Amino acid sequence: MNIRNLFSTIIWGLLLLVIQIFFLKNLALFGVALCFIYLLLILHLPINISTISLLVISFLVGLTVDMFYDTGGIHAVGTTFIGFFRPIWLRIISPTGGYDEGTSPTLQEMGTGWYLTYIVPMTFLFSLLFFTVDQWGTMGVFNILNKSFFSSILTVLLAILVQALFYKRRRSIL
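Residues numbered from 1 in each chain as written. Predicted model: local features only at pLDDT ≥ 70, side-chain atom pairs only at ≥ 80, totals over all residues. Heavy atoms only, no water.

A. Region of the structure containing the overall build of the protein chain. Summing up its helical and strand segments, the protein chain has 7 helices and 2 strands in all. Listing the helices and strands of the protein chain from first to last along the sequence gives α-β-β-α-α-α-α-α-α. Relative to a compact globule of 174 residues, whose C-alpha radius of gyration would be 16 Å, the protein chain shows 16 Å and is just as compact. Overall size of the protein chain, expressed as C-alpha extent along the three principal axes, is 45 × 30 × 30 Å. (Helix = DSSP H or I, 4+ residues; strand = E, 2+ residues; numbered from the N terminus. Rg over C-alpha atoms; globule rule 2.2 N^0.38 Å.)

Below is the structure:
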C-alpha cells in the first residue's frame, strides 16, 4: 500500500467513523435494525494486509465506537472477531485464479455476486455476536436472530449505496 492509498484509507475510515458516531448512533429502524456502516472500514481493507495489522485495526475501530456509544467493549469484540474471521472467509470464497496483489474487496473491484457472498455473512456474524453479547439473558434467541438479520440487511444495503455513490467505477456494478 503506497502512501496515497494509506492516506485515503485513513480519511475514508475517519469519515465512516464520524458518520457512524454522529449520524447513525440513534438510527434504529422499527426498533430492530441498527446500521453498522463503520464495518466497511475493516471489510474494505486490502486483501493482503497482515493478520496482526488487521486485528489491531479492527480492535481500535471497535474500541473507538465503544467509547462514543458507551457500550463497554461490545463493538470491539465484534470487530475483532470479524477481523479474525475475514482472512479465513476470503480464502474460502477465493476466485479460481486467486486475488490480485493489493486488491480491496469492494463491489467495484470484485463484482456484485462475489461482494454479496463476502459482505452478507461477515455483517451477519458481527451482528449476531453483537446482539448476543448485548442481549445475553434478556432476550430470546428469536429476537437476537431477528435483530441480527435486519441489521445485516440494513448495513449491506447502505454499504452498496455508499459504494455506488462514492467509489470510482472499475467494473459494472450490477
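B. Spotlight on helix H4 (residues 74-92). With 19 residues, H4 ought to run about 27 Å at 1.5 Å a step, and its terminal C-alpha atoms sit 27 Å apart, in line with that. At Phe85, H4 shows its maximal kink, close to 35°; a proline, Pro87, follows between one and four residues later. Within the sequence span of H4, burial applies to Ile74, His75, Ala76, Gly78, Thr79, Ile82, Gly83, Phe85, Arg86, Pro87, Trp89 and Leu90. Taken together, the buried residues of H4 touch helix H2 (39-43), helix H3 (51-69) and helix H6 (112-134). (Expected span 1.5 Å × (residues − 1). Bend = angle between axes of the 7 residues up to and from the residue. Buried < 20%, exposed > 50% of the residue type's maximum accessible area, 1.4 Å probe, protein only. Contact = heavy atoms within 4.5 Å.)

C. Here's a closer look at a nonpolar patch on the surface. On the surface, a nonpolar cluster with roughly 1,000 Å² of combined accessible area is contributed by Val18, Phe22, Phe23, Ile52, Val56, Phe59, Leu60, Leu63, Met67 and Phe68. Elements that contribute at least two residues to the nonpolar patch include exactly helix H1 (3-23) and H3. With 7 residues, the top contributor of residues to the nonpolar patch is H3. With respect to the secondary-structure elements, Ile52 resides in helix H3. Note on Ile52: relative accessible area 63%, which makes it exposed. (Patch = residues over 30% accessible without salt bridge, like charges linked within 9 Å, V, L, I, M, F, W, Y side chains within 5 Å. Areas by Shrake-Rupley, 256 points an atom, 1.4 Å probe, with all protein chains shown as cover. Salt bridge = Lys/Arg side-chain N within 4 Å of Asp/Glu carboxyl O.)

D. Expanded view of the nonpolar core. Of all hydrophobic cores here, the largest spans 41 residues; its most connected members are Ile37, Tyr38, Leu40, Tyr115, Tyr118 and Ile119. In terms of residue count, H6 provides more of this core than any other element does, 8 residues in total. Beyond its immediate stretch of four places on either side in the chain, Tyr38 contacts Leu16, Leu17, Gln20, Val61, Val65, His75, Thr79 and Phe126. (Core = buried A, V, L, I, M, F, W, Y, C linked by side-chain atoms within 4.5 Å.)

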